[in-house]
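For reference, the chains in residue letters:
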Amino acid sequence: MNMNSNREKILSNIREALRTSSNLPDMPEDIDEKLVEKLKAVTPPDLEGRREQFRQELELVSGEYYWVNSTKEVALIISDILQENRYEELAVTDESLCQEIAEVIVNQLKEVRIVRPSEMGYPERKNRLAQVDAALVKAAFAVADIGSLVFPYDNTGTSLPHFLSDCIFVIVEEKDLVSNQFELFEKISPEKAKNMVFMTGPSRTADIEKVLVLGAHGPRRLIVFMYQSS
Amino acid sequence: MMKVSPLKIKKYISQSLHNQQLRQAVDKATDSSLITRQKVVDQIPYWEELRFKTHAIKKEVIENLADYLEEFEKNCVKNGIYVHWAENSAEARRIILDLAVKNKVKKVVKSKSLTTEEIHLNKLLIENGIEALETDLGEYIVQLNEQIPSHLIIPALHLSRRDVGKLFAEKLGVDYTEDPVQLLRIARAKLREKFLSADMGISGVNFAIAKAGCFCIVENEANAHLTITLPKIHVAVMGIEKLIPDFSSLPYFLKVLPPSATSQKSSTYVNFVGGPSRSKYGEGPEEVHLVLLDNGRSRILRDAQLRETLFCIRCGACLNVCPVYQQIGGHAYGWVYMGPIGITLIPQFLGEATGKYAPYLSSLCGACFNTCPMRINIPHHLLKLRKRIVESGNTIIIERLGMSVWAFLARHPHLYRLVTWFPAKIQQLFPKDKSFPVPGYGKERSFGRFDAKGFRKRYKKLEKEESEKT
């Protein structure tokens, strides 16, 4: 049977089946109103409250949080961590903030090599990034109520450093902090939203006796810098 | 791998009940899941409103499924996704195998997908010389162990760390360890090389967004992301019921799925796939194929109430709260879908003859309905399915006879009282802890003793006591 006839048969079966109206309960009329009310009650009204909520939620999922106001500050913290863990390479995406921070790092730690995914074709990019232990990337949004980060591919052009590295540093601007995913989908364009990834903490599994272990197939460590916008 | 079937449910149940390790593992896992789930749900004051909302959105989609599917397909094609329609498992397998052969695929990596287990995909790929490797840790473990998963979300629930340690030592040639951290490191290293060299990635779909022509996959390990982005070709298999209308609907589902599945406020990753990305971003798949699977779902739609069973988002919450599942674990159900939602799907997908035992694996306590994030009224559907099974003639004659006798007596209360008086008197001849030798009751459970006093006498006494108080 060819694809078109499969398609026609399935659609025709569905239409035939749905000629009987559902005998299922309707949603009570006040649900939308109650939901909005209750959501508002748990949403901090100001930026400081949302920032604090984001920090708490991120730390609950084993992420680490810094509130910073200069690229120098970010570079210092990253340099310390690179040195402590003897990471010799840092993958850095193309956003200008990331590039600025990378320059400061390289001035401080001459032995650290910066790896730029955009300078590599495929499959070189995947093979090379699989060897790099740390990555510095930028999130387009942060979601306060769940401590989540949003990476549309249109912004980053890549998602491999976010997943292949052992330790990932994410910088996100305070002005891009939203209260929840409802607000996120009001802000983000549907075109960008089609290809993106949400990240909430380091990768994990509890598949062996429900013991939680970080660093399943993705990063074991996630460090977020909330960058105070001027 | 041994062929499993829901017709052998009684045998599997007996095996489960005698497996103390399994029972302890299932008990421990389900107990802790319930406690942690409740802690998360308690932090969401609009939880009940979310459940009503997700039910309403899904109802709207299912009731207009053909239109939504056409819209979804149109938008997927605009995004460069190849859309394939599969009427049944065999058709779905053929589509995927043809793609693999056409593209000279030798190695496939798979992220967790119950739909691909439903269609028995792995077996066909392996028979055709294609390595098909599960990458979700739990699925990887059960695949190595040549078993089927025992839980929708925690596939290796039935195995202890010692079991996994021995398995890795035997099958992977590594030193024995039972430390979960070390075991994960071993699996990570083995699977990383597979991710980097795979020709094709295969995944399921959690939610497909009709208006956008994209789909999303929810996970914690990052294996789904690597499955999608590293190989040249990506194939996603989804049941036709997985649609939601648009992006603004998605947060409701993303808020109920993680607490229900893994007791988290949010899953670690949500991957959005909106088409091939290799030429645009220099990475990601060159081709994205989506297989829309019917496999009996359009038949389930025919029933105006039972179509609600297609609202399921495969969270597994009903398993954890089910007193039957807690005793017997997932293997006892004999099919890929298990627990309360599984026993509604088994007879609907596989027919009343094969699924005749499934709807009876329930005490009808309703805990599943209370817990279900989609408000699927499972107990109600089970009663309907039991009726279907009886009407289809798939019950044994002695049961039909027994029920007819009971129905006659229930319509004649005086006869009922007389008939039940006799056993209550006769059993006084038995020792205090023994009862009648009823077929189907044996070493594992006793029939229970008739109450000599009876409900009516007790109730009359209670009424008298109450009236004396007032």
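Right above here is the structure, for reference.
So, here is what we can say about the structure in this document. (Residues numbered from 1 in each chain as written. Chains lettered and ligands numbered in written order. Predicted model: local features only at pLDDT ≥ 70, side-chain atom pairs only at ≥ 80, totals over all residues.)

## Points about the overall build of chain B
In terms of regular secondary structure, chain B is built from 22 helices and 10 strands. With respect to the principal axes defined by its C-alpha atoms, chain B has extents near 85 × 55 × 45 Å. Burial analysis of chain B (470 residues in total) assigns 50% to the buried set. The long-range fraction of contacts in chain B, counting pairs at least 24 apart against all pairs at least 6 apart in sequence, stands at 74%. (Helix = DSSP H or I, 4+ residues; strand = E, 2+ residues; numbered from the N terminus. Buried ≥ 20, exposed ≤ 12 C-beta atoms within 10 Å, placed from the backbone. Contact = placed C-beta atoms within 7 Å.)

## Considerations on the overall build of chain A
On a plain count of helices and strands, chain A comes out with 10 helices and 12 strands. Relative to the globule expectation of 17 Å for 230 residues, the C-alpha radius of gyration of chain A, 22 Å, shows a markedly less compact shape. With the principal axes as the frame, chain A shows a C-alpha extent of 70 × 50 × 40 Å. When the 230 residues of chain A are sorted by exposure, 43% land in the buried category. Partitioning the intrachain contacts of chain A with sequence separation of at least 6 by distance along the chain shows that 76% fall at a separation of at least 24. (Rg over C-alpha atoms; globule rule 2.2 N^0.38 Å.)

## Quick look at the sheet that holds strand S9 (residues 269–273) of chain B
On the basis of which strands lie adjacent, the open sheet formed by 8 strands has the order S8(A)-S5(A)-S6(A)-S9(A)-S9(B)-S6(B)-S5(B)-S8(B) and mixed pairing. Both edges of this open sheet fall to strand S8 (177–178) of chain A together with strand S8 (243–244) of chain B, since each of them pairs with a single strand only. Lying over the sheet, helix H12 (residues 250–262) of chain B contacts strand S5 (207–209), strand S6 (214–219), S8 and S9 of chain B, oriented at roughly 175° with respect to S5 of chain B. (Pairing = 2+ DSSP bridges. Axes fitted to C-alpha atoms, helices over the stretch in contact; angles between N-to-C directions.)

## Considerations on the nonpolar core
By size, the foremost hydrophobic cluster in this structure holds 194 residues, and its most contacted members are Leu136, Val150 and Val170 of chain A together with Val108, Ile209, Phe215 and Val291 of chain B. In terms of residues, this core owes the most to one element, H12 of chain B, which gives 7 residues. Leu136 of chain A has contacts with Ile78, Leu90, Val92, Cys98, Ile101, Ala102 and Phe169 of chain A, leaving out every residue within four places of it along the chain. (Core = buried A, V, L, I, M, F, W, Y, C linked by C-beta atoms within 7 Å.)

## Comments concerning the interface of chain B and chain A
Listed per partner, the contact involves 73 residues of chain B and 64 residues of chain A. Per-element tally for the side of chain B that touches chain A: the top contributor is helix H10 (residues 180–197) of chain B, with 8 residues.

## A look at the sheet that holds strand S12 (residues 221–227) of chain A
All names here are of chain A. If you walk across this open sheet you meet the 6 strands as S1-S12-S7-S4-S2-S3, and the pairing is parallel. Every other strand in the sheet has two partners, leaving strand S1 (64–68) and strand S3 (113–115) as the edge strands with one partner each. Within the sheet, the average angular offset between the axes of one strand and its neighbour, ignoring direction, is 20°. Relative to S12, strand S7 (residues 167–173) is paired through 7 bridges, and the arrangement is parallel. In the strand pairing of S12, Val172 is matched with Met226. Contacts from helix H5 (residues 96–108) reach strand S2 (89–92), S3, strand S4 (134–138) and S7 within the one sheet, and its direction differs from that of S4 by about 145°.

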